[in-house]
Amino acid sequence: MTTIKGSPNINKEVSINNDKDLVELAGYHAYTYPLVESRIEVNDNAYKVINTHYQDPTGLDAMTVVNVETKEISIIYVGTDAHGKYGNQDILTDAQLLSDLTPAQLAAARNYYTEMNNEFKQVGGVQSIAGNSLGGGLVGAVAIENPEVKAVTLNPALLPEGMMDPDKTYDNITNYFSSYDVLTQTLIALDLHGRIPGKQYEIFNGIPEFSKLATNHTGYLRNEDGTQFYVIGEVGKPGYGKIYVDADAHIVSSIWTGVPLYGGHSDRIEINKENLDLLASSLQNHVTERLNLAHEYLGNSVAIVEDEGNRFYERLNRLQNTFEDLFENIISEPLFLGITAIRNRLTAEIDHLISLLNIAESHSKSLNYILNSPPAELLEHIFRTNVSVESLFAELRNHLYELRSDIQNISRSIINIVSDKIPELFRGGKDAWYDAIVGELNAHYGIVNGNRGKLLSHISEFQKQVQDVAANFQMRDQSLGQSIESKSTHSDSISVQGTNTYKLEDSPYMELRMKIKEFQMDTAYTAFTASTQALLFPLLEKGQLLTFAIESTLEILSNSIKGAANFALSYTIPGKLISLFSDFDDKIRNSIANALEPLDELAATIEGVRKGLGRLIVEYPTLLNNFRPYVETAIFDNSGYFNVHLYNLASIAILREMEMLFDDVVYQLGNHKAEAIEALCEVSKKVKSNMGILYEQVDRGTIN
């Protein structure tokens, strides 16, 4: 069998058939249905399949393995496999577990245990059983009736109601619940986890994503090459990396015995050279390697943050361009295209309207000239008249100038929004950075990385001290023995690594944890909304009022021009005769038409401007809603931000586990009379304390 390629976890000094091995066998290898005689490598321990029980009509699938080195025998029950030959029976059994019935598959699991236990009775029988999901439920059903067998489950199903005694502790059963497992978390929420017998411990593997539900439940990926990590980010880009998810790597066990530490400390061990050497070896290898993996996760987070920082102007420019595009396209009005620049089409159009007004005025003056220049033969019969519209033209001209100025102010305001207000969306944070999220994260990571280096140095120094003490224990013992034998003087020469002070720096940053982005969005965008509306709305409303005024004046002007003709040609008796004796009326009508034509074009354009300004007022809130997602991405890329969260979660999982491990180290080194061991215990307490500080600081980089 292929050895699975999980996260680095090289503590090889633990006992065999330990929880880690059983969890991997149950969560990964069992689902591959290895055949009899297959060899399975688990955490550098070899197992051989000696019996299989696949395709039972009840849906039961199980295999029996033997540890090649110790000859210990284990049964591994397979969980729900809907795609198997009797997969429907697995689903039926899952449903029956919620009732008070005893599913046939549970009875079959008990029978298989009895069969294997009897078959291998001569070599000690079955010593341990394990299972994941439904397989965990099968394990529970077997283990409550066989308290002598060690039982380990990963994210197990519950037992049918009434099957277990709620007053019993079932100390032979250990259940591991993954942090992001839906099944066990749901059972806890429904208060049904009491129907899972034995001890229940949380382990911190998995990734909190919906698409990872299956993996979070089984604790392992089903990749053909055995790899047990998710790839985060894109190849070749900052933050590209892996997060290991294999469940067994997250089970914390004693450095000396391999016993899981979730139920408290391991049993007291003798502190001698051998055990000190084991501690030093674990510190140098296992602990340092796990912390380096945590640092690798943090390094990827830092790379993502630095990349965001390096692309600040790219993000800003993209956001500015997006706002301009949204603004210009918000009303689908060609006149408003280019409104985000001072020299825009609408301003030019208003200049054209002013020229039209000049033309109309010129024709209006011509009309007055005609009205006051009737044919000589009719002159004495015509009342001289005049179209008095100069003031109206002047008023219109002023309105148009004012409208042009208003449009230019609107453009200036948009430019102001783009150049000043949009950058303000990025500003904020503890130290009022111009790129708030990046600034806060960078400042925090600067401290965290420094503290991480101190912690590793502290552990390295502690490891050297443990090593030196172990060596001196042996040297002094040998020296004393030789002195006694030779009756010579005993040498007191002792060399031990000294103790330095490793005080981790406090971080004033990330007090809102990864909610800083949400906070920045809410505060900055609220301010942006208020300030831009305050800038634009008065100008838009003023422009709209001006268009109303222009339209109203145009109507009066038009009626005045038309009315003058009526007065001249329709309301006087001579006027009615003019058309009979001359082309005077044609001249008037042509002149009126010439005066009205540019005014009609002007009126049509102004109507378009008015409607455009009105739609800008109405649609600007919609623009703000549409713009917000772009801002959210621009102030820190959403996927990158989530990846930072994932890397930090993976990192704190390791730090939490190492803190738990060191708690046991402190316990084992405590209460010894030897001053050297007491001194080591004090150092281990400080290391544990520093580990807790670093854990808390990294935890601030998570969204939860």
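Note that the coordinates shown come from a computational prediction; the quantities given were computed from them, not determined experimentally. (Residues numbered from 1 in each chain as written. Predicted model: local features only at pLDDT ≥ 70, side-chain atom pairs only at ≥ 80, totals over all residues. Heavy atoms only, no water.)

Caption draft 1: Examining the overall build of the chain more closely. When helices and strands are counted, the chain shows 17 helices and ten strands. Put simply, the chain has 704 residues, and 53% of those count as buried. For the chain, contacts bridging at least 24 residues in sequence account for 74% of all contacts bridging at least 6. Total accessible area on the chain stands at roughly 31100 Å², and carbon and sulfur atoms take up 51% of it. (Helix = DSSP H or I, 4+ residues; strand = E, 2+ residues; numbered from the N terminus. Buried < 20%, exposed > 50% of the residue type's maximum accessible area, 1.4 Å probe, protein only. Contact = heavy atoms within 4.5 Å. Areas by Shrake-Rupley, 256 points an atom, 1.4 Å probe, with all protein chains shown as cover.)

Caption draft 2: Highlighting the pattern of salt bridges. Inspection of the entire model under this criterion finds 27 salt bridges. The partner of Glu402 in a salt bridge is Lys542, and the shortest N-O contact between them spans 3.8 Å. Of this pair, Glu402 sits in helix α11 (residues 390–424) while Lys542 sits in helix α13 (residues 516–569), and the two are 140 residues apart along the sequence. We classify Glu402 as partly exposed; its relative accessible area is 34%. What makes Lys542 partly exposed here is its relative accessible area of 36%. A salt bridge links Asp663 to Lys688; the nearest nitrogen and oxygen atoms lie 3.8 Å apart. With Asp663 in helix α16 (residues 638–669) and Lys688 in helix α17 (residues 675–699), this pair connects stretches of sequence that are 25 residues apart. With a relative accessible area of 24%, Lys688 lands in the partly exposed category. Residues participating in the shared-partner salt-bridge network are Asp307, Glu308, Arg311, Glu314, Arg315, Arg318 and Asp435. (Salt bridge = Lys/Arg side-chain N within 4 Å of Asp/Glu carboxyl O.)

Caption draft 3: Expanded view of the sheet that holds strand β5 (residues 126–133). Read from one edge to the other, the open sheet built from eight strands follows the order β1-β2-β3-β4-β5-β6-β7-β8, with strand pairing classed as mixed. Looking at the sheet topology across the chains shown, the edges are occupied by β1 (39–42) and β8 (199–203). If you compare each strand with its neighbour and ignore which way they point, the axes differ by 25 degrees on average. Pairing analysis gives six bridges linking strand β2 (residues 45–53) to strand β3 (residues 62–67), with the strands arranged antiparallel. Across the sheet, the residue bridging to Asn51 is Thr64, located in β3. Packing against the sheet, helix α5 (residues 182–189) makes contact with β6 (150–156) and β7 (173–178), and its axis sits at approximately 90 degrees to β6. (Pairing = 2+ DSSP bridges. Axes fitted to C-alpha atoms, helices over the stretch in contact; angles between N-to-C directions.)

Caption draft 4: Representation of the nonpolar core in the model. Membership of the largest hydrophobic core comes to 97 residues, with the highest contact counts inside it found for Leu441, Phe462 and Leu669. In contact with Leu441, other than residues within four places in its own chain, are Val305, Met510, Met514, Ile516, Phe636 and Tyr641. One finds Phe323, Ile354, Leu425 and Ile588 within the second-largest nonpolar core, a separate group that totals 66 residues. (Core = buried A, V, L, I, M, F, W, Y, C linked by side-chain atoms within 4.5 Å.)

Caption draft 5: Region of the structure containing the packing of aromatic side chains. One pass over the full model with this rule turns up 21 aromatic pairs. Ring geometry for Tyr176 versus Tyr262: centroids 5.7 Å apart, planes at 70 degrees, classification edge-to-face. Of this pair, Tyr176 sits in strand β7 while Tyr262 sits in the loop between β10 (241–244) and α7 (273–310); the two residues are 86 residues apart in sequence, bridging distant segments of the chain. The same class applies to Tyr176 as to Tyr262, namely buried. Linked through ring pairs, Phe323, Phe327, Tyr525, Phe528, Phe537, Tyr620 and Phe627 together constitute an aromatic cluster. (Phe/Tyr/Trp six-rings, centres within 6.5 Å; stacked < 30°, edge-to-face > 60°.)

Caption draft 6: Examining the confidence of the model for the chain more closely. The pLDDT averaged across the chain works out to 88; a share of 89% of its residues lies at or above 70. Confidence over residues 9–16 falls short of pLDDT 50; this stretch has 25 contacts with residues more than four positions distant or in other chains. (pLDDT = per-residue confidence, 0-100.)

Caption draft 7: Representation of the environment of Asp225 in the model. Relative to the assigned elements, Asp225 resides in the loop between α6 (213–218) and β9 (229–232). At 2.8 Å, the side chain of Asp225 and the side chain of Thr227 are in polar contact. (Polar contact = N/O pair within 3.5 Å; in protein donor to acceptor, adjacent residues only side chain to side chain.)

Caption draft 8: Local environment of the pairing of β3. For β3, the buried fraction is high: six of the six residues fall into the buried class. In β3, alternate side chains face the same way, and those of Ala62, Thr64 and Val66 on one face and Met63, Val65 and Asn67 on the other are all buried. Two elements, β3 and strand β4 (residues 73–77), share five bridges in a ladder whose sense is antiparallel. Directly across from Met63, in β4, lies its bridge partner Ile76. Between the antiparallel neighbours β3 and β4 lie five residues, among them Lys71 with a positive phi of about 70 degrees.

Caption draft 9: Molecular detail of a nonpolar patch on the surface. The grouping of Val182, Phe210 and Leu213 at the surface amounts to a nonpolar patch, some 310 Å² of accessible area in total. Overall, the relative accessible area of 41% leaves Val182 in the partly exposed class. (Patch = residues over 30% accessible without salt bridge, like charges linked within 9 Å, V, L, I, M, F, W, Y side chains within 5 Å.)

Caption draft 10: Main features of empty space enclosed by the protein. Counting across every chain of the model gives four cavities of 30 Å³ or more. In this structure, the largest cavity spans a volume of roughly 80 Å³. What lines the largest cavity is a set of eleven residues, and nearest its centre among them are Lys20, Ile251, Val252, Ser253 and His286. For the lining of the largest cavity, the secondary-structure elements that each account for two or more residues are α7 and α16. (1 Å grid on protein atoms, 1.4 Å probe; cavity = no way out; pocket = protein on both sides within 12 Å on 5 of 7 lines; lining within 4 Å. Points joined across faces, edges and corners; volume = space filled by probe spheres on them.)

Caption draft 11: Summary view of helix α9 (residues 345–371). Its 27 residues give α9 an end-to-end C-alpha distance of 39 Å, which sits within 8% of 39 Å, the value for a rise of 1.5 Å per residue. Capping of α9 at its N-terminal end is provided by Asn344; its side-chain oxygen lies 3.2 Å from the backbone amide nitrogen of Leu346. (Expected span 1.5 Å × (residues − 1).)

Caption draft 12: Expanded view of the environment of Ile304. Position of Ile304 among the secondary structure elements: in helix α7. Of the residues examined, Ile304 reaches a relative accessible area of 7% and is grouped as buried. As a C-alpha pair, Ile304 and Lys237 span 67 residues in sequence and 8.8 Å in three-dimensional space. Setting aside chain neighbours within four positions, we find Ile304 in contact with Pro238, Gly239, Phe636, Gly640, Asn643, Val644 and Tyr647.

Caption draft 13: Structural detail: the side chain of Gln105. With respect to the helices, strands and loops of the structure, Gln105 is situated in helix α3 (residues 104–119). When near neighbours in sequence (up to four residues on either side) are disregarded, Gln105 contacts Thr58, Gly59, Leu60, Gln89, Asp90, Thr93, Leu134 and Leu138.

Caption draft 14: Up close: the packing of α3 against helix α4 (residues 134–143). Across the interface, α3 lies against α4 with an axial gap of 9 Å and an inter-helix angle of 60 degrees. Here α3 is positioned oblique relative to α4, judged by the angle of their axes. Considering how the two elements wind past one another, α3 and α4 form a crossing that is right-handed. Judged by residue contacts, Gln105, Leu106, Ala109, Arg110 and Tyr113 of α3 engage Leu134, Leu138, Ala141 and Val142 from α4. Classifying every residue of the contact of α3 with α4 gives seven nonpolar, one polar and one charged. (Parallel < 35°, antiparallel > 145°, perpendicular 65-115°, else oblique. Left-handed = near helix turned anticlockwise from the far one by under 90°. Nonpolar A, V, L, I, M, F, W, Y, C, P; charged D, E, K, R; others polar.)

Caption draft 15: Seen up close, unusual backbone geometry. A positive phi is found at Tyr33, a non-glycine position, where the angle reads about 50 degrees. By the secondary structure assignment, Tyr33 is in the loop between α1 (19–27) and β1. The class for Tyr33 is partly exposed, based on a relative accessible area of 22%. Phi is positive for Tyr170, close to 50 degrees, though the residue is something other than glycine. Relative accessible area serves as the criterion here: at 10%, Tyr170 is assigned to the buried category.

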